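Structure at a glance
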Number of protein chains: 2
Amino acid sequence: MRAIASLQALLMCLLVASQPAIAAAPDPLPSWNDGPSKQAIVKFVADTTRQGSTTFVAPEARIAVFDNDGTLWSEQPAYFQLLFALDRVKALAPQHPDWKTKQPFKGVIEGDTKAVMASGEKGLLELIAVTHAGMTTEEFSKTVTDWIATAKHPRFKRPYNELVFQPMLEVLAYLRANGFKTYIVSGGGIEFMRPWASKVYGIPPEQIVGSSGKVKYEIRNGKPVLVKLAEVDFVDDKEGKPAGINKFIGRVPVFAFGNSDGDHQMLQWTAAGGGTRFMGIVHHTDAKREWAYDRKSHIGTLDKAWDEATQKGWTVVDMQKEWKVIYPWEQK
Amino acid sequence: MRAIASLQALLMCLLVASQPAIAAAPDPLPSWNDGPSKQAIVKFVADTTRQGSTTFVAPEARIAVFDNDGTLWSEQPAYFQLLFALDRVKALAPQHPDWKTKQPFKGVIEGDTKAVMASGEKGLLELIAVTHAGMTTEEFSKTVTDWIATAKHPRFKRPYNELVFQPMLEVLAYLRANGFKTYIVSGGGIEFMRPWASKVYGIPPEQIVGSSGKVKYEIRNGKPVLVKLAEVDFVDDKEGKPAGINKFIGRVPVFAFGNSDGDHQMLQWTAAGGGTRFMGIVHHTDAKREWAYDRKSHIGTLDKAWDEATQKGWTVVDMQKEWKVIYPWEQK
């Protein structure tokens, strides 16, 4: 075995060694038009990986953080985690006859979005609580996995985990191929993302940072479990993002990508690190292929972060102009 | 450049390939006597890395967690983080004349441990608060780095980061050499460990899980900072350890090492994962070279976890019998 393995190693190395001195590198970002954003990303990677240059970043410091909703996948007509919660309410309704007459549940069951919205943040938190709490983390993970496998997006009639941005998948892979550790830093729930995000983005669970609810450790029929409580533990949004990065990662990222004011502080925090840095924003400009929204949006509002990006020369991606395709299924 | 690199690769590979089919592996745990604990650790690594065996663990699932205080370094006469806090109080006293007459500060300044202890948990939390809060995370990191560089342990008259257990350093390196990701999961503060633990243990900041205080994001002279507040964010001890592992890592470890009842739930959580698992406890049995304590200790009490370990056949390390040396400086 060992001898054969060594032989294989030798042959592989001979192949590597026999490559021409200058190999034509394939385009690492094929779904990006050759615009300012693609150029900025490629320049950043070249600068930070050039041995001996003043812009070089040591491999262990190559931390790249990405917001999820609106940055790696779509977030319209509402955060997908909220749509998950609404679906859960409908699924659980038979066991809760009182919901038929009680808002915001009544509104959810009847598809009366107005009534649901009228219940305000308190109502929405109530929805999250009853659909996210009470069960064990293992049980919750299963409900998410089942939902991802069966639910379809209202506009595209496809599973939600197919509504990821192909150009951003290429950025993730490109950074990893250059020794970067890619993280998700999302306002969404950790427990909601981990069951599917690892497969879709190639980011392991331990590199997914997000909001969390409190849990209670207990022994159920001799087996330890973590029971999800209806109590908020940490909100990984706005000011929470630098706090989450500091707590979970303990290093200042050199690369950060977001799409809304919820990512503003994460981008500021990354920029303040000094040295070679990349700050990027996905600007939703494509009403036809995805959605177009920014300053006055009910979700993913991009206003203050956009102003600072313009001022400081951060990268703002015009998805309509710069992305050849939005979703993986559009590829030839 | 490229051609040279390829040539080097080729040469290296030739060396690898030309090794004998069976190479005599050097002892990965030289500071361990050949007792039951060493045998259990070596067997676990062999079992989990044997391709095709039923005990094989996929590389991405090779998560190993270690408590810090009493498991990777000593914790007597008190948790080193508390000793750090006491030193900080003395250093800050000149700016706080009122402390001369106010417990527990008066006791700290006068070295009256009784008075300090008499102030109870409330008093100790007050000490932690005034010595850990108010400054930015960057400023706090610097005070820790300075303390580690200058403070000396009362008994050994050496820097605290030299009081790490040589046999455990070998376990960390041995696991990493076999594709395991090593984590610290400690009741101690994340911000207290990160400035020095990465260097000492070879564990990067993002793999150090611990207790944390709340922080506030703000802009100070145009620069974003995180200011440490006197409010507890998360206590990573007892039931908190499985919760911390679930939150930060999102996988159930296959290997866990602790030393006290504070690690009991972490060990149970690891054991419950099923499949090939290793649960280990460092039993402090060496009053001469380190300290001897367990059931009735004021710190690092080992009682319930010890009983379950005996019952379930977990590994309990008798440091006096099984460790050739305790600290790195004792090595020949």
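From a predicted model like this one, the values you see are computed outputs, not experimental measurements. (Residues numbered from 1 in each chain as written. Chains lettered and ligands numbered in written order. Predicted model: local features only at pLDDT ≥ 70, side-chain atom pairs only at ≥ 80, totals over all residues. Heavy atoms only, no water.)

1. A word on the side chain of serine 37 of chain B
All names here are of chain B. Stated formally: A run of H or I in DSSP counts as a helix once it spans at least four residues, and a run of E counts as a strand once it spans at least two, with each numbered from the N terminus. For every residue, the accessible area (1.4 Å probe, protein chains only) is compared with the maximum for its type, and the residue is labelled buried under 20%, exposed over 50%, or partly exposed between those bounds. A 3.5 Å cut-off defines polar contacts: any pair of N or O atoms within that distance qualifies, except that in protein one atom must be a possible hydrogen donor and the other a possible acceptor, and neighbouring residues in sequence count only when both atoms are side-chain atoms. What makes two residues a contact is simply this: any of their non-hydrogen atoms within 4.5 Å.
Here serine 37 lies in helix α2 (residues 36-49). We classify serine 37 as buried; its relative accessible area is 1%. A polar contact is formed between the side chain of serine 37 and the side chain of glutamate 322, at a distance of 2.6 Å. When neighbours within four sequence positions are excluded, serine 37 is seen to be in contact with Trp32, Thr315, Val316, Val317 and Glu322.

2. Some details on the side chain of threonine 48 of chain A
Residues and elements named next belong to chain A. Considering the arrangement of structural elements, one finds threonine 48 in helix α2 (residues 36-49). Of note is the side chain of threonine 48, whose polar atom sits 2.8 Å from the backbone oxygen of phenylalanine 44. A polar contact of 3.2 Å, which involves the side chain of threonine 48, links it to the backbone oxygen of valine 45. When residues no more than four places from it in sequence are discounted, the contact partners of threonine 48 are Thr55, Phe56, Val57, Arg62, Phe180 and Thr276.

3. Thoughts on the pairing of strand β5 (residues 255-258) of chain A
Residue and element names in this part refer to chain A. Spelled out, the test is: DSSP bridges decide pairing: two strands pair if at least two such bridges lie between them. Orient the strands so they point away from the viewer; a crossover is then right-handed if the path from the first strand over the helix to the second runs clockwise.
Here β5 shows two buried faces, one formed by Phe255 and Phe257 and the other by Ala256 and Gly258. For strand β1 (residues 63-66) and β5, the ladder comprises three bridges, and the chain directions are parallel. Each residue of the ladder has a partner; that of phenylalanine 66, found in β5, is phenylalanine 257. Judged from the four bridges that link them, β5 and strand β6 (residues 278-285) form a sheet pairing that is parallel. For phenylalanine 257, the partnering residue across the bridge sits in β6 and is glycine 280. Note that the unit made of β5, helix α11 (residues 264-271) and β6 has a crossover that is right-handed.

4. Examining unusual backbone geometry
Residue and element names in this part refer to chain A. That bond from glutamine 76 to proline 77 is cis: its omega, 5°, falls within 30 degrees of zero. Looking at the secondary structure, you find proline 77 in the loop between β1 and α3 (80-92). Of note in the backbone geometry, lysine 157 takes a positive phi value of approximately 55° without being a glycine. With relative accessibility at 57%, the residue lysine 157 sits in the exposed group. Positive phi values are uncommon outside glycine, yet asparagine 221 reaches one of about 40°. Within the secondary structure layout, asparagine 221 lies in the loop between β3 (208-220) and β4 (223-234). By relative accessible area, which is 81% here, asparagine 221 ends up exposed.

5. Some remarks on the confidence of the model for chain A
Residue and element names in this part refer to chain A. Spelled out, the test is: In predicted models, pLDDT denotes the confidence assigned by the predictor to each residue on a 0 to 100 scale.
Within chain A, residue pLDDT values average 92, and 93% of them lie at 70 or more. The model gives residues 1-20 a pLDDT under 50, and that stretch makes 15 contacts with residues more than four places away or in other chains. Reported for the predicted complex are a pTM of 0.91 and an ipTM of 0.89.

6. Focus: the packing of aromatic side chains
Defined as follows: For Phe, Tyr and Trp, rings pair up if their centres lie within 6.5 Å, where Trp contributes its six-membered ring, and each pair is then called stacked (planes under 30 degrees apart), edge-to-face (over 60) or tilted (otherwise).
All told, the structure shown has 53 aromatic pairs over all chains when counted by the stated rule. Judged by centre distance (4.5 Å) and plane angle (10°), the rings of phenylalanine 255 of chain A and phenylalanine 278 of chain A are stacked. A residue pair is termed long-range when its members are at least 10 positions apart, and phenylalanine 255 of chain A in strand β5 and phenylalanine 278 of chain A in strand β6 qualify at 23 residues. Note on accessibility: phenylalanine 255 of chain A and phenylalanine 278 of chain A belong to one class, buried. Taken together, a centroid distance of 4.7 Å and an interplanar angle of 65° make the contact between tryptophan 73 of chain B and phenylalanine 80 of chain B edge-to-face.

7. Quick notes on helix α12 (residues 304-312) of chain B
All names here are of chain B. Just so we agree on the cut-off: Arc definition: it is the arc formed by the directions from the helix axis to the C-beta atoms.
Turning to α12, its buried residues are Ala305, Trp306, Glu308 and Ala309. Here the buried residues of α12 occupy an arc of 165° about the axis, which is enough to place them on one side. Residues of α12 that are exposed and point over 90 degrees away from its buried face: Lys304, Thr310 and Gln311. Contact partners of the buried residues in α12: α11 (264-272), β6 (278-285) and β8 (315-318). After α12 finishes, the residue glycine 313 shows a positive phi value of roughly 75°.

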